[in-house]
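The primary structure of each chain is shown beneath.
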Amino acid sequence: MTAVPPVDVERARARPTGHLRLARLVLSEYFTLVLCALYLAAVYPFVPEMLTAEVAANVLSDMMPLLVVAIGQTFVLVIAGIDLSVTAIISMAAVVGASVMTGTGGYLAGSPLAVPGAILAMLLVGLAIGAINGLSVTRLNMPSFIVTLATRMFFAGAAIWYTTFHSASSSIADLPAGFTAIAEGDVLGVPVTVLIAVAVAVAAHLTLSRSRLGRHIYAVGANPKAARISGVPVARTILITFMISGACAAITSVMYVSRMQTGSPIVGENILLDVIGAVVIGGTSLFGGKGKVLWTVFGVLFLVLLDTSMKLLGASLFAIFIIKGGVILLAAMIDTLRHRLMATR
Amino acid sequence: MTDSHPARTPPLLEVAGLTKSFFGVRVLHGIGYSLRAGEALGLVGENGSGKSTTMNILGGVHQPDGGAMLLDSAPYAPAGPGEAIRAGIAFIHQELNLFPNLTIEENLFIDGFPRRSRLIPLIDRAAIRRRTEDLLAQVNLDLKPGTPVARLSQGERQLVEIAKALGRSPKVIIFDEPTTSLTRREVDRLFAIIARLKARGIGIIYISHALEDVMTVCDHVTVLRDGALAGGGRRQDLSVPAIIAMMVGRSIDTVFPPRTVRPRAEEALVVEDLSQPGVAEAISFSIRAGEVLGLAGLMGSGRSELARMIFGLDRFARGRISVAGRPLENPTPITAMEAGIAFLTEDRRSEGLLMGFSVAENMVLTSLPAVAGALGLVDGRKVVDTAVSMARTVHLSTEKVSDTLVKHLSGGNQQKVVIGKWLLRQPAVFILDEPTRGIDVGAKQEVYRIINQLVERGSAVLLISSEIEELIGLSDRILTLCRGELTGGFERSPGPGPGFDREAIMTAATGVAVARTRTGTRDVA
């Protein structure tokens, strides 16, 4: 028996008090977007460049690779899992893709199929590592934290090892112009990377919010037992989310490699904190069952704004780490607070 | 036990005029009751009648807006649960508050381990052991203090909880639905302990939906309805039907609605030779379309496990299952559902529902293809339409299916959501495991009505219940299960009367003759 019947809350909601108004803001879909605006307003006096077209374009292009991999992470967090291997997937896909298309000894060097072949190979690497993660979690009943920690170490090392077979240096260069054009090109003024990220975001949004798979993902995240009894293919759903995360990481890899014009086994090595941090800042719950693509877009935006402004302010790398760490901690605290507010709602 | 000198001793606990509002809505309208030392007071009422709030006030969880409480003739107004415990109020909750990973003794002293001395902050193990042994003896529990709680049965855990309460020398012990997850034998043992507690002068407050139990245990009964006193009195002056009438505000002549149809000829579910070592032993039975087959058995008899095997949740070593003549091989929940089976589990909170999700989201989870629109995407409008129409079918308390989270519903309405989500699939076979556990009298009626509608439409129902009256009232046939084996089959005898031999069923289900007969149940059935 609940002490507070829902009717009472309904009535209380009609006349929000200060406390309730705050609660509603914290619970709102657009909380992170509000935070972005507040943050911009706060730093604007110190770094007025933030609002120039040039910086805005920079923010946008910085956002895109991070956004795609964070969207994949969102899927995994919603099923109450975590994917720590995304950075290793980015690295592995980078060197495999580069080894396929590089002009110096690539498998498809000079062929018109070099670029599509490389991209396909990168996606397959992402899906394969995602499948390894997913199968380990579902078949062997291992916690995703330890599975992906292990695959992260394994493939981070494997990427460097793989590089030694294809290049004398520490990365695989001499990539075809058709590939590097992805980072530089645009369609009617819209950068290609933005188009890719938007396509991924729209597809991911529709999948999570409207498809049967999406319903299954939320159900598994909220209560796997009840989901199983309701006929949800729990194991398959978990496997698919890890494969989605892997594929998203591979797409991010495509963006990074084309921007850096070289396949490096340490590309994206440092972004793991940013990826998980952005998703959590957006409001996706680490407890599972709750999360949206739109929230992740806001979370990534916030993190990139923070990064850019700090760099413009001339803050040291260490200072940026300290501040980001603090913000992510705060986001995790808000997640807990949201949980408690939900419980009393 | 007796009312020999009621007037001479002042009441142990006296409560008058309690009022309480939440968010401006009054949930208690002047509740009063009194409890004498060595007596048991039954507190009954439907969900939402104010029992929990009344007890939470006594336990210091909530503070009343008005009214007064006297404990041992002294004013009693606890500011928090800690204060209530120190004042001598012990609360044995329905969901026990023990740590399964710790031992019995560690659980008993979790809130204050005695130290060797003030200087050496080491736990005095020997003292704890002596004290635990003493407390366990008081509740007749023959277990070693070092036994991990995880190894205890539900009934044993409850006795440990009582021992924990006794360690604080309580004046009043509140029992909230203590018998829901106990076997019959454990219930008898609990009632014996309660009698001993009464003999020691402890006052008992007993909250339960199981009215027969209340009539067995309690000297007085107080009935609440909609946050107000609806009646009550001495046990001798009351009957179960009279209490039900007070609870619902009208008299219920027939608890079990009459059914107009007879089972059809065709067999909807056939189970042959189903076996799993230690769980099920060569179980064979069938259910016809339009038939309710009752399954009686104690906790641990394998009745839930049987249902889980048929639905593909648990494995079985041997056996065949067929639905509507088609074999169902190596069932999984998905293939079982495709074959037309629906399964309401005994634990709706952790297995039946996504508690933090809306009514609509819960209802359509089992029938997503039916609410899919273009491109296979889920059509939001279809979801709402489907859920609203099902909410009406099952008489759900709300039609705001997208805004109402399931966790905000009462137990009875939550159960209607689980039933609704399976009805959407129009199941040929509906397995109902304890469909009325923990729900109030009114909601039970609704469940019975829905079961009748189901069989009238030609579904087959496998009904598992701990309440023998429910099985007798609803079933066309009853099978008894004991330690994984079918031990008896009973056909409803035609004509007026209960239709089944209650004693024979109980005997077959327990494997031993039933010592205790419950009073007042025939009148209801």
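Residues numbered from 1 in each chain as written. Chains lettered and ligands numbered in written order. Predicted model: local features only at pLDDT ≥ 70, side-chain atom pairs only at ≥ 80, totals over all residues.

Novice: I'd like to hear about the environment of Ala181(A), residue by residue, with values.
Specialist: Residue and element names in this part refer to chain A. Locating Ala181 in the fold gives a position in helix 8 (residues 177–184). Judged by the 13 C-beta atoms lying within 10 Å of it, Ala181 falls in the partly exposed class. Taking C-alpha positions, Ala181 is 7.1 Å from Ser258, a pair spaced 77 residues apart along the chain. (Helix = DSSP H or I, 4+ residues; strand = E, 2+ residues; numbered from the N terminus. Buried ≥ 20, exposed ≤ 12 C-beta atoms within 10 Å, placed from the backbone.)

Novice: Now, about unusual backbone geometry: what can you tell me, with residues and values included?
Specialist: Unusually for a residue other than glycine, Leu188(A) sits at a positive phi of about 55 degrees. By the secondary structure assignment, Leu188(A) is in the loop between strand 1 (186–187) and strand 2 (190–191). Note on Leu188(A): 5 C-beta atoms within 10 Å, which makes it exposed. Although it is not a glycine, Asp226(B) adopts a positive phi angle of roughly 50 degrees. Along the chain, Asp226(B) falls in the loop between strand 9 (220–225) and strand 10 (228–234). Using a count of 14 C-beta atoms within 10 Å as the deciding quantity, one classes Asp226(B) as partly exposed.

Novice: So what about the domain arrangement of chain B? Which residues, and what values?
Specialist: Domains assigned within chain B are domain 1 (13–88 + 170–248), domain 2 (94–152), domain 3 (257–340 + 428–443 + 464–525) and domain 4 (348–426). Placing the centre of domain 2 of chain B and that of domain 3 of chain B at their C-alpha centroids yields a distance of 40 Å. (Domains from an automatic or database assignment.)

Novice: Quick one: what's the story with the sheet that holds strand 7 (residues 172–176) of chain B, residue by residue and with numbers?
Specialist: All names here are of chain B. Taken together, 6 strands build an open sheet; the order of strands is 6-7-8-3-9-10 and the sheet is mixed. Of all strands in the sheet, those bounded by a partner on one side alone are strand 6 (89–92) and strand 10. Averaged over neighbouring strand pairs, the angle between their axes works out to 20 degrees when direction is ignored. By the bridge criterion, 4 bridges tie strand 3 (residues 40–44) to strand 8 (residues 203–207) in an arrangement that is parallel. Its bridge partner lying in strand 8, Ala40 is registered against Ile204. Along the sheet face, helix 5 (residues 154–166) touches strand 6 and strand 7 and points at about 170 degrees away from the line of strand 6. Seen against the sheet, helix 8 (residues 240–248) touches strand 3, strand 9 and strand 10 and runs at an angle of roughly 30 degrees to strand 9. (Pairing = 2+ DSSP bridges. Axes fitted to C-alpha atoms, helices over the stretch in contact; angles between N-to-C directions. Contact = placed C-beta atoms within 7 Å.)

Novice: Account for helix 9 (residues 192–210) of chain A, with residues named and values stated.
Specialist: Residue and element names in this part refer to chain A. If you check helix 9, its first and last C-alpha atoms are 26 Å apart, about what 19 residues at 1.5 Å a residue would give, namely 27 Å. Those residues of helix 9 lying buried are Thr193, Ala197, Val200, Ala204 and Leu208. Seen along its axis, helix 9 keeps its buried residues to an arc of 65 degrees; they face one direction. In helix 9, the exposed residues that point more than 90 degrees away from the buried face are Ala199 and Val202. In the core, the buried residues of helix 9 are packed alongside helix 4 (53–78), helix 8, strand 2, helix 10 (212–222), helix 12 (234–260) and helix 14 (293–312). (Expected span 1.5 Å × (residues − 1). Arc of directions from axis to C-beta.)

Novice: Outline the nonpolar core, listing residues and values.
Specialist: In terms of nonpolar packing, the biggest core is built from 182 residues, with Ile89(A), Ile341(B), Ile431(B), Val461(B) and Leu462(B) touching the most fellow members. For this core, the element with the most residues is helix 12 of chain A, which contributes 16 residues. Domain assignment of the residues forming this core places at least three in each of domain 3 (257–340 + 428–443 + 464–525) and domain 4 (348–426) of chain B. Setting aside residues no more than four positions away along its own chain, Ile89(A) makes contact with Val125(A), Gly126(A), Ile129(A), Phe155(A), Gly246(A), Ala249(A) and Ala250(A). Counting residues in hydrophobic clusters, the runner-up holds 61 residues, among them Leu12(B), Ile174(B), Val221(B) and Leu238(B). (Core = buried A, V, L, I, M, F, W, Y, C linked by C-beta atoms within 7 Å.)

Novice: Hey, could you go over the sheet that holds strand 12 (residues 280–288) of chain B for me, with residue numbers and the actual values?
Specialist: Residues and elements named next belong to chain B. Pairing in this open sheet of 4 strands is antiparallel, and the strands run 12-11-14-15 from one edge to the other. The open sheet has two edge strands with one neighbour each: strand 12 and strand 15 (326–327). The pairing of strand 14 (residues 318–323) with strand 15 spans 2 bridges and is antiparallel. Looking at the pairing, Ser322 lines up with Pro327 of strand 15.

Novice: An account of helix 7 (residues 144–166) of chain A is needed here, citing residue identities and associated values.
Specialist: Relative to the 33 Å expected for 23 residues at 1.5 Å per residue, helix 7 of chain A spans 32 Å between its end C-alpha atoms, a close match to the ideal helical length. Within helix 7 of chain A, the full set of buried residues consists of Ser144(A), Val147(A), Thr148(A), Thr151(A), Arg152(A), Phe155(A), Ala159(A), Tyr162(A) and Thr163(A).

Novice: Help me get a handle on the pairing of strand 1 (residues 13–22) of chain B, residues and values and all.
Specialist: Residues and elements named next belong to chain B. Bridge analysis of strand 1 against strand 2 (residues 25–35) gives 8 bridges, and the strand direction is antiparallel. By the bridge assignment, Leu18 is partnered in strand 2 with Ile31. Summarising the sheet, strand 1 and strand 4 (residues 66–71) pair through 5 bridges and their orientation is antiparallel. Looking at the pairing, Val15 lines up with Met69 of strand 4.

Novice: Pulling in residues and values, what's your account of the environment of Ser316(A)?
Specialist: All names here are of chain A. Within the element layout of this structure, Ser316 appears in the loop between helix 14 and helix 15 (317–344). With 9 C-beta atoms packed within 10 Å, Ser316 lands in the exposed category. Ser316 sits 135 residues away from Ala181 along the chain, and the two C-alpha atoms are 32 Å apart.

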